[in-house]
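Report on the structure
Chain by chain, the residues run as shown.
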Amino acid sequence: MLIKTKQGGSDLILPSDITPRAVFETRREFIQKLAVGSIASASLLEMVQREAFAQTNSANKLAATSNPAYQALDKKTAYKDATTYNNFYEFGTDKADPAQTAASLKTRPWTLSIEGEVKKPLVLDLDALLKLAPIEERVYRLRCVEGWSMVIPWMGYSLSQLLKKVELTSNAKYVEFISLNDARQMPGLGSRVLQWPYTEGLRLDEAMHPLCLLTLGMYGEVLPNQNGAPVRITVPWKYGFKSAKSIVKIRLTKDQPRTSWNVANPSEYGFYSNVNPDVDHPRWSQGSERRIGEDGFFTRKRKTLMFNGYSEVASLYAGMDLKRYF
Ligand code: MTE
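The structure contained in this document is the topic of the report that follows. Remember, it's a predicted structure, so these values are computed and weren't measured experimentally. In this convention, every chain numbers its residues from 1, walking through the sequence in written order. Given that the model is predicted, a residue must reach a pLDDT of at least 70 before its local features are reported, and side-chain atom pairs must reach 80 or more before they are shown or counted; all residues, however, enter totals for whole chains, interfaces and linings. Only heavy atoms go into the side-chain values, all of them from the structure, while hydrogens and water stay out.

1. Section: the nonpolar core
- Counting residues in each nonpolar core, the largest one holds 82 residues, and the members touching the most others are L129, L159, L162, W237 and I250.
- Tallying contributions element by element places strand β5 (residues 148-158) first for this core, with seven residues.
- Contact criterion: two residues are considered in contact whenever any of their non-hydrogen atoms come within 4.5 Å of each other. Those residues in contact with W237 that sit more than four places away from it in its chain are E206, H209, L211, C212, N274, V275, F307, N308, Y310, V313, L316 and Y317. By nonpolar core we mean a set of buried residues, namely Ala, Val, Leu, Ile, Met, Phe, Trp, Tyr and Cys, connected to one another through side-chain atoms within 4.5 Å. Relative accessible area decides the class of each residue, using a 1.4 Å probe on protein chains only: under 20% of the type maximum gives buried, over 50% gives exposed, and in between gives partly exposed. Numbering of helices and strands runs from the N terminus; a helix is a DSSP stretch of H or I covering at least four residues, while a strand is a stretch of E covering at least two.

2. So, the pattern of salt bridges
- When a carboxyl oxygen of Asp or Glu lies within 4 Å of a side-chain nitrogen of Lys or Arg, that pair is called a salt bridge. Taken as a whole and assessed by the stated rule, the structure comprises 19 salt bridges.
- As a salt-bridge pair, R291 and D74 come within 3.1 Å of each other at their nearest N and O atoms. Taken together, the positions of R291 in strand β12 (residues 288-291) and D74 in the loop between β1 (65-71) and α3 (79-82) put the pair 217 residues apart, joining distant regions of the chain.
- Taken together, the salt bridges that share partners define one network made up of D74, R141, R143, E289, R291, E294 and R302.

3. Quick word on the pairing of strand β7 (residues 199-203)
- Most of β7 is tucked away: five of the five residues are buried.
- Here β7 shows two buried faces, one formed by T199, G201 and R203 and the other by E200 and L202.
- Bridge analysis of strand β6 (residues 174-179) against β7 gives five bridges, and the strand direction is antiparallel. In the strand pairing of β7, V175 is matched with L202. Between any two strands, pairing holds if DSSP finds at least two bridges.

4. Quick look at the side chain of E200
- Inspection of the secondary structure puts E200 in strand β7.
- Classification of E200 by relative accessible area gives buried; the value is 0%.
- N or O atoms within 3.5 Å of each other form a polar contact, as long as, within protein, one can give a hydrogen and the other can take it, and as long as residues adjacent in sequence are counted only when both atoms are side-chain atoms. Within the structure, the side chain of E200 is placed 2.6 Å from the side chain of K242, a separation counted as a polar contact.
- With residues near it in sequence (within four places) discarded, E200 still touches V175, E176, F177, F241, K242, A244 and T259.

5. Regarding the sheet that holds β6
- In space, the five strands of this open sheet follow the order β3-β2-β11-β6-β7, with mixed pairing throughout. Where the open sheet ends on each side, the last strands, each with one partner, are β3 (122-125) and β7. On average, adjacent strands in this sheet sit at an angle of 15 degrees to one another, irrespective of strand direction.
- Bridge count between strand β2 (residues 111-116) and β3: four bridges; the pairing is antiparallel. Here, axes are lines fitted to C-alpha atoms. For helices the fit covers the stretch in contact, and angles between N-to-C directions go from 0 to 180 degrees.

In short, geometric facts, not functional conclusions.
See below:
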(Lines give C-alpha, C1' and ligand atoms only; values in the text may rest on other atoms or scores of the structure.)
Protein backbone atom coordinates (compact mmCIF):
# COMPACT_ATOMS: atom_id res chain seq x y z
CA MET A 1 0.00 0.00 0.00
CA LEU A 2 1.26 3.47 -0.82
CA ILE A 3 0.96 5.80 2.12
CA LYS A 4 1.96 9.33 1.19
CA THR A 5 3.07 11.64 3.94
CA LYS A 6 2.19 15.30 4.01
CA GLN A 7 4.47 17.24 1.72
CA GLY A 8 6.87 19.63 3.46
CA GLY A 9 5.52 23.13 3.84
CA SER A 10 2.21 22.31 2.22
CA ASP A 11 -0.93 23.09 4.16
CA LEU A 12 -2.94 20.70 2.00
CA ILE A 13 -5.14 18.56 4.23
CA LEU A 14 -5.18 14.99 3.15
CA PRO A 15 -8.27 12.90 3.86
CA SER A 16 -6.00 10.64 5.89
CA ASP A 17 -5.03 13.53 8.19
CA ILE A 18 -8.60 13.79 9.35
CA THR A 19 -10.05 11.55 12.04
CA PRO A 20 -11.36 8.47 10.24
CA ARG A 21 -15.08 8.71 9.57
CA ALA A 22 -15.85 5.57 11.57
CA VAL A 23 -14.13 7.08 14.59
CA PHE A 24 -15.86 10.46 14.57
CA GLU A 25 -19.23 8.93 13.78
CA THR A 26 -18.83 6.60 16.73
CA ARG A 27 -17.83 9.56 18.92
CA ARG A 28 -20.82 11.62 17.78
CA GLU A 29 -23.19 8.72 18.43
CA PHE A 30 -21.63 8.24 21.86
CA ILE A 31 -21.95 11.91 22.83
CA GLN A 32 -25.58 12.03 21.64
CA LYS A 33 -26.47 8.93 23.64
CA LEU A 34 -24.63 10.21 26.69
CA ALA A 35 -26.59 13.45 26.46
CA VAL A 36 -29.96 11.71 26.49
CA GLY A 37 -28.81 9.37 29.25
CA SER A 38 -29.66 6.28 27.20
CA ILE A 39 -26.28 4.67 27.52
CA ALA A 40 -25.92 1.65 29.75
CA SER A 41 -22.52 0.53 30.99
CA ALA A 42 -22.53 -2.54 28.69
CA SER A 43 -23.07 -0.41 25.58
CA LEU A 44 -20.49 2.08 26.86
CA LEU A 45 -17.98 -0.77 26.87
CA GLU A 46 -19.03 -1.81 23.36
CA MET A 47 -18.59 1.73 22.02
CA VAL A 48 -15.15 2.10 23.61
CA GLN A 49 -14.19 -1.21 21.98
CA ARG A 50 -15.47 -0.05 18.59
CA GLU A 51 -13.47 3.17 18.80
CA ALA A 52 -10.33 1.23 19.71
CA PHE A 53 -10.94 -1.06 16.74
CA ALA A 54 -11.39 1.86 14.34
CA GLN A 55 -8.16 3.47 15.58
CA THR A 56 -6.08 0.32 15.18
CA ASN A 57 -7.38 0.16 11.62
CA SER A 58 -5.50 3.33 10.73
CA ALA A 59 -3.13 1.13 8.67
CA ASN A 60 -5.91 1.20 6.08
CA LYS A 61 -5.47 4.93 5.45
CA LEU A 62 -5.01 6.04 1.87
CA ALA A 63 -3.83 9.53 0.93
CA ALA A 64 -5.45 11.46 -1.89
CA THR A 65 -5.84 14.96 -3.22
CA SER A 66 -9.38 16.20 -3.52
CA ASN A 67 -10.26 16.87 -7.17
CA PRO A 68 -12.41 20.04 -7.22
CA ALA A 69 -13.96 19.08 -10.58
CA TYR A 70 -15.71 16.07 -9.09
CA GLN A 71 -17.33 17.04 -5.83
CA ALA A 72 -21.04 16.28 -5.58
CA LEU A 73 -22.42 18.88 -3.17
CA ASP A 74 -24.97 16.52 -1.63
CA LYS A 75 -24.48 15.45 1.99
CA LYS A 76 -22.20 12.44 2.09
CA THR A 77 -23.64 9.11 3.12
CA ALA A 78 -22.51 7.97 6.58
CA TYR A 79 -19.58 5.55 6.39
CA LYS A 80 -21.57 3.09 8.47
CA ASP A 81 -24.43 3.04 5.94
CA ALA A 82 -22.09 2.81 2.93
CA THR A 83 -20.35 -0.20 4.46
CA THR A 84 -23.31 -2.14 5.84
CA TYR A 85 -25.91 -1.76 3.07
CA ASN A 86 -24.28 -3.38 0.06
CA ASN A 87 -24.90 -5.35 -3.08
CA PHE A 88 -22.12 -7.88 -3.55
CA TYR A 89 -23.78 -11.15 -4.46
CA GLU A 90 -20.56 -13.14 -4.20
CA PHE A 91 -21.07 -12.62 -0.45
CA GLY A 92 -24.83 -13.15 -0.27
CA THR A 93 -27.93 -11.47 -1.63
CA ASP A 94 -29.07 -9.68 1.53
CA LYS A 95 -27.87 -6.07 1.89
CA ALA A 96 -26.35 -6.92 5.29
CA ASP A 97 -24.54 -10.06 4.08
CA PRO A 98 -21.36 -8.58 2.54
CA ALA A 99 -20.39 -6.67 5.72
CA GLN A 100 -20.77 -9.90 7.66
CA THR A 101 -19.14 -12.38 5.31
CA ALA A 102 -16.61 -10.48 3.17
CA ALA A 103 -13.81 -10.78 5.74
CA SER A 104 -12.91 -14.02 3.93
CA LEU A 105 -11.81 -12.04 0.86
CA LYS A 106 -8.02 -11.95 0.67
CA THR A 107 -6.99 -8.70 -1.00
CA ARG A 108 -3.21 -9.21 -0.98
CA PRO A 109 -1.54 -10.46 -3.05
CA TRP A 110 -3.85 -9.27 -5.85
CA THR A 111 -3.24 -8.79 -9.52
CA LEU A 112 -5.23 -7.03 -12.20
CA SER A 113 -4.51 -8.02 -15.79
CA ILE A 114 -5.30 -5.84 -18.77
CA GLU A 115 -5.47 -7.88 -21.94
CA GLY A 116 -7.31 -8.50 -25.21
CA GLU A 117 -7.12 -5.90 -27.96
CA VAL A 118 -3.98 -4.21 -26.60
CA LYS A 119 -0.43 -4.01 -27.89
CA LYS A 120 1.16 -4.13 -24.43
CA PRO A 121 -0.78 -6.41 -22.06
CA LEU A 122 -0.08 -5.71 -18.41
CA VAL A 123 -0.39 -7.55 -15.12
CA LEU A 124 -0.24 -5.13 -12.20
CA ASP A 125 -0.14 -5.88 -8.51
CA LEU A 126 -1.82 -3.64 -5.99
CA ASP A 127 1.26 -1.54 -5.24
CA ALA A 128 1.75 -0.88 -8.94
CA LEU A 129 -1.92 0.14 -9.24
CA LEU A 130 -1.60 2.50 -6.28
CA LYS A 131 1.43 4.15 -7.90
CA LEU A 132 0.20 4.29 -11.48
CA ALA A 133 -1.35 7.77 -11.17
CA PRO A 134 -2.01 10.31 -8.39
CA ILE A 135 -4.91 9.16 -6.21
CA GLU A 136 -7.76 11.66 -6.18
CA GLU A 137 -10.74 11.92 -3.88
CA ARG A 138 -13.98 12.41 -5.81
CA VAL A 139 -17.41 12.63 -4.26
CA TYR A 140 -19.84 10.81 -6.55
CA ARG A 141 -23.49 9.91 -6.29
CA LEU A 142 -24.16 6.25 -7.01
CA ARG A 143 -27.75 5.29 -7.92
CA CYS A 144 -28.72 1.64 -7.64
CA VAL A 145 -31.18 0.20 -10.17
CA GLU A 146 -33.33 -0.82 -7.18
CA GLY A 147 -34.20 2.82 -6.42
CA TRP A 148 -31.78 3.90 -3.68
CA SER A 149 -28.69 6.06 -3.83
CA MET A 150 -25.64 7.07 -1.82
CA VAL A 151 -23.03 9.85 -1.97
CA ILE A 152 -19.54 8.53 -1.41
CA PRO A 153 -16.04 10.06 -1.33
CA TRP A 154 -14.30 7.56 -3.61
CA MET A 155 -10.54 7.46 -4.16
CA GLY A 156 -8.75 6.50 -7.32
CA TYR A 157 -8.00 7.89 -10.78
CA SER A 158 -9.63 7.89 -14.20
CA LEU A 159 -9.63 4.44 -15.79
CA SER A 160 -8.34 6.13 -18.97
CA GLN A 161 -4.97 6.65 -17.22
CA LEU A 162 -4.58 2.88 -16.97
CA LEU A 163 -5.93 2.13 -20.45
CA LYS A 164 -3.43 4.56 -21.98
CA LYS A 165 -0.58 2.37 -20.72
CA VAL A 166 -1.54 -0.73 -22.70
CA GLU A 167 -1.79 0.83 -26.18
CA LEU A 168 -5.13 -0.24 -27.57
CA THR A 169 -5.34 -1.84 -31.00
CA SER A 170 -7.74 -0.36 -33.55
CA ASN A 171 -10.06 -3.31 -32.85
CA ALA A 172 -10.67 -2.25 -29.24
CA LYS A 173 -14.30 -1.11 -29.10
CA TYR A 174 -15.49 -2.31 -25.67
CA VAL A 175 -14.07 -2.91 -22.20
CA GLU A 176 -15.02 -5.95 -20.15
CA PHE A 177 -14.54 -6.05 -16.35
CA ILE A 178 -14.25 -9.42 -14.65
CA SER A 179 -14.52 -9.88 -10.89
CA LEU A 180 -12.76 -12.49 -8.78
CA ASN A 181 -14.36 -15.94 -9.00
CA ASP A 182 -13.03 -17.93 -6.04
CA ALA A 183 -15.54 -20.01 -4.10
CA ARG A 184 -13.08 -20.52 -1.22
CA GLN A 185 -13.19 -16.79 -0.53
CA MET A 186 -16.68 -15.95 -1.75
CA PRO A 187 -19.47 -17.97 -0.14
CA GLY A 188 -22.16 -16.55 -2.46
CA LEU A 189 -20.65 -18.17 -5.56
CA GLY A 190 -22.49 -21.37 -4.64
CA SER A 191 -25.75 -19.64 -5.57
CA ARG A 192 -27.04 -19.57 -9.15
CA VAL A 193 -28.50 -16.12 -8.84
CA LEU A 194 -26.03 -14.81 -11.47
CA GLN A 195 -23.60 -16.28 -13.95
CA TRP A 196 -20.10 -16.12 -12.42
CA PRO A 197 -17.65 -14.54 -12.60
CA TYR A 198 -19.51 -11.26 -12.21
CA THR A 199 -18.86 -9.53 -15.50
CA GLU A 200 -19.66 -6.00 -16.64
CA GLY A 201 -18.80 -3.90 -19.65
CA LEU A 202 -18.68 -0.46 -21.18
CA ARG A 203 -18.26 0.94 -24.66
CA LEU A 204 -14.68 2.19 -25.10
CA ASP A 205 -15.64 5.89 -25.17
CA GLU A 206 -17.59 5.43 -21.92
CA ALA A 207 -14.63 3.73 -20.28
CA MET A 208 -12.31 6.52 -21.45
CA HIS A 209 -14.55 9.27 -20.06
CA PRO A 210 -12.68 10.97 -17.19
CA LEU A 211 -15.60 10.37 -14.81
CA CYS A 212 -15.09 6.60 -15.02
CA LEU A 213 -13.04 5.90 -11.91
CA LEU A 214 -10.65 3.05 -11.21
CA THR A 215 -11.39 2.96 -7.51
CA LEU A 216 -8.96 1.91 -4.79
CA GLY A 217 -10.42 3.55 -1.69
CA MET A 218 -13.22 5.50 -0.05
CA TYR A 219 -13.58 7.80 3.00
CA GLY A 220 -9.80 8.17 3.30
CA GLU A 221 -9.14 4.43 3.46
CA VAL A 222 -8.48 1.53 1.14
CA LEU A 223 -11.75 -0.06 0.01
CA PRO A 224 -13.48 -2.16 2.63
CA ASN A 225 -13.96 -5.73 1.35
CA GLN A 226 -17.75 -5.35 1.11
CA ASN A 227 -17.33 -2.33 -1.19
CA GLY A 228 -15.20 -4.19 -3.72
CA ALA A 229 -11.66 -4.32 -2.34
CA PRO A 230 -9.00 -3.95 -3.43
CA VAL A 231 -9.99 -2.48 -6.81
CA ARG A 232 -13.33 -1.74 -8.47
CA ILE A 233 -14.85 0.45 -11.11
CA THR A 234 -17.19 3.35 -10.34
CA VAL A 235 -19.34 4.65 -13.20
CA PRO A 236 -21.52 7.31 -11.55
CA TRP A 237 -23.89 8.04 -14.46
CA LYS A 238 -25.00 4.41 -14.73
CA TYR A 239 -26.96 2.17 -12.39
CA GLY A 240 -24.76 0.76 -9.64
CA PHE A 241 -24.53 -2.76 -11.05
CA LYS A 242 -22.30 -1.47 -13.88
CA SER A 243 -19.65 -0.67 -11.23
CA ALA A 244 -18.00 -4.09 -10.91
CA LYS A 245 -16.27 -4.88 -7.62
CA SER A 246 -13.05 -6.76 -6.79
CA ILE A 247 -11.93 -6.96 -10.41
CA VAL A 248 -9.07 -9.19 -11.55
CA LYS A 249 -9.25 -8.66 -15.30
CA ILE A 250 -9.96 -5.86 -17.76
CA ARG A 251 -10.32 -7.14 -21.31
CA LEU A 252 -10.48 -4.94 -24.40
CA THR A 253 -12.80 -6.48 -26.98
CA LYS A 254 -14.02 -6.01 -30.52
CA ASP A 255 -17.58 -7.06 -29.70
CA GLN A 256 -19.97 -5.99 -26.99
CA PRO A 257 -19.26 -8.23 -23.99
CA ARG A 258 -21.91 -10.34 -22.28
CA THR A 259 -22.61 -9.01 -18.80
CA SER A 260 -23.91 -10.93 -15.78
CA TRP A 261 -27.11 -8.94 -15.21
CA ASN A 262 -27.95 -8.71 -18.89
CA VAL A 263 -27.53 -12.48 -19.27
CA ALA A 264 -29.67 -13.05 -16.15
CA ASN A 265 -32.54 -10.89 -17.40
CA PRO A 266 -32.04 -9.00 -20.68
CA SER A 267 -35.43 -7.29 -20.61
CA GLU A 268 -34.73 -5.76 -17.18
CA TYR A 269 -31.02 -4.94 -17.25
CA GLY A 270 -29.73 -3.40 -20.46
CA PHE A 271 -26.09 -3.18 -21.49
CA TYR A 272 -26.10 0.62 -21.24
CA SER A 273 -28.10 1.07 -18.04
CA ASN A 274 -27.63 4.81 -17.91
CA VAL A 275 -29.55 6.35 -15.03
CA ASN A 276 -32.68 7.58 -16.79
CA PRO A 277 -35.86 8.74 -14.99
CA ASP A 278 -37.80 8.45 -18.28
CA VAL A 279 -37.17 4.75 -18.79
CA ASP A 280 -38.79 2.71 -16.07
CA HIS A 281 -37.65 -0.71 -15.00
CA PRO A 282 -40.36 -3.18 -16.13
CA ARG A 283 -41.31 -3.74 -12.48
CA TRP A 284 -40.91 -0.26 -10.96
CA SER A 285 -40.56 3.44 -11.72
CA GLN A 286 -37.11 4.95 -12.03
CA GLY A 287 -38.41 8.51 -11.58
CA SER A 288 -37.36 8.88 -7.95
CA GLU A 289 -34.98 7.44 -5.42
CA ARG A 290 -34.47 6.97 -1.71
CA ARG A 291 -31.20 8.44 -0.42
CA ILE A 292 -29.75 6.04 2.12
CA GLY A 293 -29.64 7.79 5.50
CA GLU A 294 -32.70 9.94 4.73
CA ASP A 295 -35.17 7.27 5.69
CA GLY A 296 -37.52 9.14 8.05
CA PHE A 297 -41.21 8.24 7.79
CA PHE A 298 -42.10 11.63 6.30
CA THR A 299 -38.99 12.01 4.13
CA ARG A 300 -39.86 12.54 0.50
CA LYS A 301 -38.02 10.63 -2.16
CA ARG A 302 -35.64 12.55 -4.39
CA LYS A 303 -36.22 13.03 -8.08
CA THR A 304 -33.83 10.91 -10.12
CA LEU A 305 -31.78 12.98 -12.55
CA MET A 306 -30.86 12.07 -16.13
CA PHE A 307 -27.42 10.45 -16.11
CA ASN A 308 -27.64 10.74 -12.30
CA GLY A 309 -26.95 14.47 -12.78
CA TYR A 310 -23.71 13.93 -14.76
CA SER A 311 -24.89 15.79 -17.85
CA GLU A 312 -21.32 16.04 -19.20
CA VAL A 313 -21.68 12.47 -20.52
CA ALA A 314 -24.73 13.30 -22.69
CA SER A 315 -22.60 13.80 -25.82
CA LEU A 316 -21.55 10.12 -25.64
CA TYR A 317 -25.13 9.23 -26.54
CA ALA A 318 -25.93 11.93 -29.12
CA GLY A 319 -28.44 10.56 -31.64
CA MET A 320 -29.02 7.32 -29.71
CA ASP A 321 -32.49 6.18 -28.75
CA LEU A 322 -31.98 5.66 -25.01
CA LYS A 323 -35.32 3.88 -24.64
CA ARG A 324 -34.17 1.24 -27.07
CA TYR A 325 -30.59 1.15 -25.81
CA PHE A 326 -31.56 1.19 -22.13
N1 MTE B 1 -19.81 -6.26 -8.31
C2 MTE B 1 -19.76 -7.58 -8.07
N3 MTE B 1 -18.63 -8.24 -8.36
N4 MTE B 1 -20.82 -8.25 -7.53
C5 MTE B 1 -22.00 -7.62 -7.24
O6 MTE B 1 -22.95 -8.27 -6.78
N7 MTE B 1 -23.24 -5.50 -7.25
C8 MTE B 1 -23.40 -4.24 -8.00
C9 MTE B 1 -22.13 -3.40 -8.00
N10 MTE B 1 -20.97 -4.21 -8.24
C11 MTE B 1 -22.09 -6.22 -7.49
C12 MTE B 1 -20.94 -5.57 -8.02
C13 MTE B 1 -24.53 -3.45 -7.53
S14 MTE B 1 -26.09 -4.06 -7.90
C15 MTE B 1 -24.38 -2.25 -6.91
S16 MTE B 1 -25.71 -1.26 -6.56
C17 MTE B 1 -23.04 -1.77 -6.48
O18 MTE B 1 -22.01 -2.73 -6.75
C19 MTE B 1 -23.07 -1.49 -4.99
O20 MTE B 1 -21.85 -0.94 -4.54
P21 MTE B 1 -21.68 -0.59 -3.00
O22 MTE B 1 -22.08 -1.76 -2.18
O23 MTE B 1 -20.23 -0.22 -2.81
O24 MTE B 1 -22.58 0.60 -2.73
